[in-house]
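A look at the structure
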Amino acid sequence: MDEAATREEICDIGRRIYARQFAAGNDGNISCRLTDNVVLCTPTLICKGFMQPDDLCTVDLDGNQLSGTRRCTSEIKLHLEVYRGDPTATAVVHCHPPHATAFGLARVEIPTGILPEVEVFLGAVPQADYATPGSAQFAETIRPFVGRASAVVLSNHGTVSWGPSVERAYWNTEVLDAYCRMLLLSRQLGHIERLNAEQVRELLGLRESFGSPPDPRLTRDGPLYVNPEFGRNDET
Ligand SMILES: [Zn+2]
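Residues numbered from 1 in each chain as written. Predicted model: local features only at pLDDT ≥ 70, side-chain atom pairs only at ≥ 80, totals over all residues. Heavy atoms only, no water.

1. Overview of the packing of helix H3 (residues 98–106) against helix H6 (residues 166–189)
Test applied: To get an axis, fit a line to the C-alpha atoms, keeping to the stretch in contact for a helix; angles then go from 0 to 180 degrees between the N-to-C directions. Numbering goes from the N terminus for both helices and strands, where a helix is a DSSP run of H or I of at least four residues and a strand is a run of E of at least two. Relative orientations are named as follows: roughly parallel for angles under 35 degrees, roughly antiparallel for angles over 145 degrees, roughly perpendicular for angles from 65 to 115 degrees, and oblique for any other angle. The contact rule is simple, with two residues in contact once any of their heavy atoms fall within 4.5 Å.
Where H3 meets H6, the axes come as close as 7 Å, and the angle between the chain directions of the two elements is 70°. Considering their axes alone, H3 and H6 lie roughly perpendicular with respect to each other. Of H6, the residues touching H3 (which contributes Pro98, His99, Ala100, Ala102 and Phe103) are Leu176, Asp177, Cys180, Arg181, Leu183 and Leu184.

2. A word on the pattern of salt bridges
Using the following cut-off: Within this document, salt bridges are pairs made up of a side-chain nitrogen of Lys or Arg and a carboxyl oxygen of Asp or Glu, the two lying within 4 Å of each other. Buried residues are those whose accessible area, probed at 1.4 Å on protein chains only, stays under 20% of the maximum for their type, while exposed residues exceed 50% and partly exposed ones sit between those limits.
With the rule as written, the count across this model stands at 10 salt bridges. Linking Arg143 and Glu81 is a salt bridge whose minimum nitrogen-to-oxygen distance equals 2.5 Å. With Arg143 in the loop between helix H5 (136–140) and strand E7 (151–154) and Glu81 in helix H2 (residues 76–85), this pair connects stretches of sequence that are 62 residues apart. With a relative accessible area of 49%, Arg143 lands in the partly exposed category. Measuring nitrogen to oxygen at the nearest pair gives 3.7 Å for the salt bridge that ties Arg207 to Asp215. Asp215 carries the same exposure label as Arg207, and that label is buried. When salt bridges with common partners are traced through the structure, they connect Glu119, Arg207, Asp215 and Arg217 into a single cluster.

If you want it as C-alpha coordinates, here you go:
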(Lines give C-alpha, C1' and ligand atoms only; values in the text may rest on other atoms or scores of the structure.)
Protein backbone atom coordinates (compact mmCIF):
# COMPACT_ATOMS: atom_id res chain seq x y z
CA MET A 1 0.00 0.00 0.00
CA ASP A 2 1.40 3.42 -0.91
CA GLU A 3 1.76 6.31 1.51
CA ALA A 4 -1.23 8.29 0.21
CA ALA A 5 -3.53 5.28 0.62
CA THR A 6 -2.13 4.59 4.11
CA ARG A 7 -2.83 8.21 5.12
CA GLU A 8 -6.43 7.80 3.96
CA GLU A 9 -6.77 4.49 5.82
CA ILE A 10 -5.47 5.95 9.11
CA CYS A 11 -8.04 8.79 8.83
CA ASP A 12 -10.76 6.22 8.11
CA ILE A 13 -9.82 4.13 11.15
CA GLY A 14 -9.73 7.36 13.20
CA ARG A 15 -13.34 8.02 12.23
CA ARG A 16 -14.30 4.46 13.25
CA ILE A 17 -12.51 4.79 16.61
CA TYR A 18 -14.30 8.08 17.34
CA ALA A 19 -17.70 6.80 16.14
CA ARG A 20 -17.45 3.78 18.46
CA GLN A 21 -16.53 6.05 21.38
CA PHE A 22 -13.14 4.44 21.80
CA ALA A 23 -11.49 7.88 22.05
CA ALA A 24 -13.01 11.02 23.60
CA GLY A 25 -11.76 14.50 22.72
CA ASN A 26 -8.18 14.21 21.47
CA ASP A 27 -7.61 10.73 22.90
CA GLY A 28 -5.96 7.88 21.04
CA ASN A 29 -3.37 7.51 18.32
CA ILE A 30 -2.77 5.38 15.24
CA SER A 31 0.43 4.58 13.36
CA CYS A 32 1.65 2.48 10.44
CA ARG A 33 5.17 1.49 9.44
CA LEU A 34 5.97 2.84 5.96
CA THR A 35 9.53 1.41 5.76
CA ASP A 36 11.84 -0.36 8.23
CA ASN A 37 12.70 2.98 9.87
CA VAL A 38 9.84 5.36 8.98
CA VAL A 39 6.49 5.39 10.76
CA LEU A 40 3.43 7.40 9.74
CA CYS A 41 1.42 8.54 12.80
CA THR A 42 -1.34 10.77 14.07
CA PRO A 43 -0.38 14.15 15.59
CA THR A 44 -1.06 15.36 19.12
CA LEU A 45 -4.12 17.48 20.00
CA ILE A 46 -6.42 16.40 17.20
CA CYS A 47 -9.75 14.58 17.34
CA LYS A 48 -9.31 11.20 15.65
CA GLY A 49 -12.77 11.49 14.08
CA PHE A 50 -11.93 14.54 11.95
CA MET A 51 -8.38 14.09 10.64
CA GLN A 52 -7.26 14.90 7.09
CA PRO A 53 -4.42 12.97 5.38
CA ASP A 54 -2.14 16.07 5.54
CA ASP A 55 -2.53 16.25 9.35
CA LEU A 56 -0.41 13.09 9.80
CA CYS A 57 3.33 13.16 10.44
CA THR A 58 6.28 10.78 10.11
CA VAL A 59 8.92 9.79 12.67
CA ASP A 60 11.91 7.45 12.70
CA LEU A 61 12.16 4.48 15.06
CA ASP A 62 13.94 6.68 17.64
CA GLY A 63 10.94 9.03 17.70
CA ASN A 64 12.56 11.93 15.78
CA GLN A 65 9.96 13.75 13.70
CA LEU A 66 10.77 13.63 9.98
CA SER A 67 7.81 15.43 8.41
CA GLY A 68 4.45 17.04 9.10
CA THR A 69 3.28 20.50 10.17
CA ARG A 70 1.67 19.20 13.37
CA ARG A 71 3.67 17.80 16.29
CA CYS A 72 3.71 14.03 16.63
CA THR A 73 1.88 12.40 19.56
CA SER A 74 3.92 11.90 22.76
CA GLU A 75 2.48 8.38 22.95
CA ILE A 76 4.40 7.43 19.79
CA LYS A 77 6.96 5.83 22.17
CA LEU A 78 4.39 3.13 22.88
CA HIS A 79 4.03 2.41 19.16
CA LEU A 80 7.80 2.38 18.58
CA GLU A 81 8.20 -0.16 21.38
CA VAL A 82 5.94 -2.48 19.35
CA TYR A 83 7.76 -1.89 16.04
CA ARG A 84 11.19 -2.43 17.60
CA GLY A 85 10.10 -5.64 19.33
CA ASP A 86 7.89 -7.28 16.71
CA PRO A 87 9.00 -7.19 13.06
CA THR A 88 5.59 -8.57 11.97
CA ALA A 89 3.75 -5.53 13.39
CA THR A 90 2.88 -3.09 10.60
CA ALA A 91 0.34 -0.94 12.45
CA VAL A 92 -0.51 0.06 16.04
CA VAL A 93 -3.73 1.48 17.51
CA HIS A 94 -3.93 3.02 20.99
CA CYS A 95 -7.22 4.26 22.45
CA HIS A 96 -9.48 4.14 25.51
CA PRO A 97 -12.36 1.74 24.67
CA PRO A 98 -14.61 1.88 27.75
CA HIS A 99 -15.32 -1.82 28.35
CA ALA A 100 -11.74 -3.03 27.95
CA THR A 101 -10.42 -0.01 29.86
CA ALA A 102 -12.80 -0.88 32.72
CA PHE A 103 -10.73 -4.04 33.26
CA GLY A 104 -7.61 -1.84 33.39
CA LEU A 105 -9.19 0.45 35.99
CA ALA A 106 -10.35 -2.47 38.13
CA ARG A 107 -6.99 -4.23 37.53
CA VAL A 108 -8.83 -7.41 36.55
CA GLU A 109 -7.05 -9.66 34.03
CA ILE A 110 -9.01 -10.40 30.83
CA PRO A 111 -10.19 -14.02 31.23
CA THR A 112 -9.56 -16.59 28.48
CA GLY A 113 -11.41 -19.73 27.39
CA ILE A 114 -14.85 -18.17 27.07
CA LEU A 115 -15.55 -16.79 23.54
CA PRO A 116 -14.38 -18.61 20.36
CA GLU A 117 -13.57 -15.47 18.30
CA VAL A 118 -11.31 -14.17 21.04
CA GLU A 119 -9.38 -17.46 21.27
CA VAL A 120 -8.92 -17.62 17.47
CA PHE A 121 -8.17 -13.96 16.64
CA LEU A 122 -6.91 -12.33 19.82
CA GLY A 123 -5.59 -14.87 22.31
CA ALA A 124 -4.68 -13.91 25.85
CA VAL A 125 -4.65 -10.14 26.44
CA PRO A 126 -2.16 -9.25 29.20
CA GLN A 127 -2.35 -6.19 31.43
CA ALA A 128 0.65 -3.84 31.61
CA ASP A 129 1.70 -1.96 34.74
CA TYR A 130 0.71 1.68 35.11
CA ALA A 131 3.12 4.48 34.19
CA THR A 132 2.56 8.16 33.35
CA PRO A 133 1.24 8.36 29.76
CA GLY A 134 3.84 9.58 27.25
CA SER A 135 6.83 8.86 29.51
CA ALA A 136 9.68 6.51 28.54
CA GLN A 137 8.67 4.14 31.38
CA PHE A 138 5.14 4.12 29.97
CA ALA A 139 6.34 2.59 26.69
CA GLU A 140 8.49 0.06 28.54
CA THR A 141 5.48 -1.34 30.41
CA ILE A 142 4.37 -3.28 27.31
CA ARG A 143 7.83 -4.66 26.44
CA PRO A 144 7.27 -8.08 28.12
CA PHE A 145 4.24 -8.70 25.88
CA VAL A 146 5.44 -7.54 22.45
CA GLY A 147 5.99 -10.57 20.23
CA ARG A 148 3.63 -12.78 22.23
CA ALA A 149 0.34 -10.84 22.24
CA SER A 150 -1.75 -8.80 19.78
CA ALA A 151 -3.34 -6.48 22.32
CA VAL A 152 -2.53 -5.24 25.82
CA VAL A 153 -4.68 -3.51 28.44
CA LEU A 154 -2.83 -0.55 29.99
CA SER A 155 -3.60 -0.30 33.71
CA ASN A 156 -5.64 2.81 34.57
CA HIS A 157 -5.36 4.06 31.00
CA GLY A 158 -6.63 2.18 27.91
CA THR A 159 -5.54 -0.38 25.35
CA VAL A 160 -2.94 -0.87 22.63
CA SER A 161 -3.21 -3.38 19.79
CA TRP A 162 -1.18 -4.17 16.70
CA GLY A 163 -1.27 -6.26 13.57
CA PRO A 164 -0.15 -6.72 9.96
CA SER A 165 -2.33 -3.81 8.69
CA VAL A 166 -4.06 -0.73 10.10
CA GLU A 167 -7.43 -2.44 9.90
CA ARG A 168 -6.20 -5.68 11.56
CA ALA A 169 -4.62 -3.66 14.37
CA TYR A 170 -7.94 -1.85 14.85
CA TRP A 171 -9.95 -5.08 14.70
CA ASN A 172 -7.99 -6.40 17.66
CA THR A 173 -9.19 -3.41 19.71
CA GLU A 174 -12.76 -3.78 18.46
CA VAL A 175 -12.88 -7.54 19.19
CA LEU A 176 -11.37 -6.94 22.64
CA ASP A 177 -13.86 -4.23 23.61
CA ALA A 178 -16.84 -6.24 22.31
CA TYR A 179 -15.63 -9.22 24.36
CA CYS A 180 -15.21 -7.13 27.51
CA ARG A 181 -18.70 -5.73 27.03
CA MET A 182 -20.12 -9.27 26.80
CA LEU A 183 -18.17 -10.30 29.91
CA LEU A 184 -19.57 -7.38 31.90
CA LEU A 185 -23.12 -8.09 30.71
CA SER A 186 -22.94 -11.84 31.36
CA ARG A 187 -21.44 -11.19 34.80
CA GLN A 188 -24.68 -9.36 35.64
CA LEU A 189 -26.65 -12.50 34.76
CA GLY A 190 -24.58 -14.50 37.23
CA HIS A 191 -22.45 -17.45 36.27
CA ILE A 192 -20.10 -17.44 33.24
CA GLU A 193 -19.48 -20.90 31.77
CA ARG A 194 -15.97 -21.60 30.46
CA LEU A 195 -15.14 -23.78 27.48
CA ASN A 196 -13.35 -26.97 28.52
CA ALA A 197 -9.66 -27.53 27.80
CA GLU A 198 -10.30 -29.68 24.71
CA GLN A 199 -12.60 -27.03 23.25
CA VAL A 200 -10.06 -24.27 23.89
CA ARG A 201 -7.20 -26.28 22.32
CA GLU A 202 -9.34 -26.97 19.26
CA LEU A 203 -9.93 -23.22 18.83
CA LEU A 204 -6.24 -22.40 19.28
CA GLY A 205 -5.49 -24.98 16.58
CA LEU A 206 -7.64 -22.96 14.14
CA ARG A 207 -5.58 -19.80 14.55
CA GLU A 208 -3.15 -20.39 11.70
CA SER A 209 -5.92 -20.96 9.15
CA PHE A 210 -7.33 -17.53 10.07
CA GLY A 211 -3.98 -15.76 9.78
CA SER A 212 -3.37 -15.46 13.53
CA PRO A 213 0.10 -16.14 14.98
CA PRO A 214 0.60 -19.30 17.10
CA ASP A 215 -0.77 -18.89 20.63
CA PRO A 216 1.95 -18.94 23.33
CA ARG A 217 -0.45 -20.91 25.53
CA LEU A 218 0.02 -23.86 23.16
CA THR A 219 3.60 -23.38 21.93
CA ARG A 220 5.02 -22.65 25.38
CA ASP A 221 2.67 -25.04 27.15
CA GLY A 222 1.39 -22.29 29.45
CA PRO A 223 -1.89 -22.37 31.37
CA LEU A 224 -4.93 -22.28 29.05
CA TYR A 225 -7.00 -20.23 31.45
CA VAL A 226 -6.12 -16.69 32.46
CA ASN A 227 -8.06 -15.37 35.47
CA PRO A 228 -9.92 -18.68 35.99
CA GLU A 229 -11.98 -17.18 38.83
CA PHE A 230 -13.88 -14.90 36.40
CA GLY A 231 -15.87 -17.82 34.97
CA ARG A 232 -15.66 -21.42 36.01
CA ASN A 233 -15.98 -24.95 34.74
CA ASP A 234 -14.93 -28.24 36.30
CA GLU A 235 -11.38 -27.88 34.90
CA THR A 236 -10.53 -24.36 36.04
ZN1 LIG B 1 -3.92 7.15 25.95
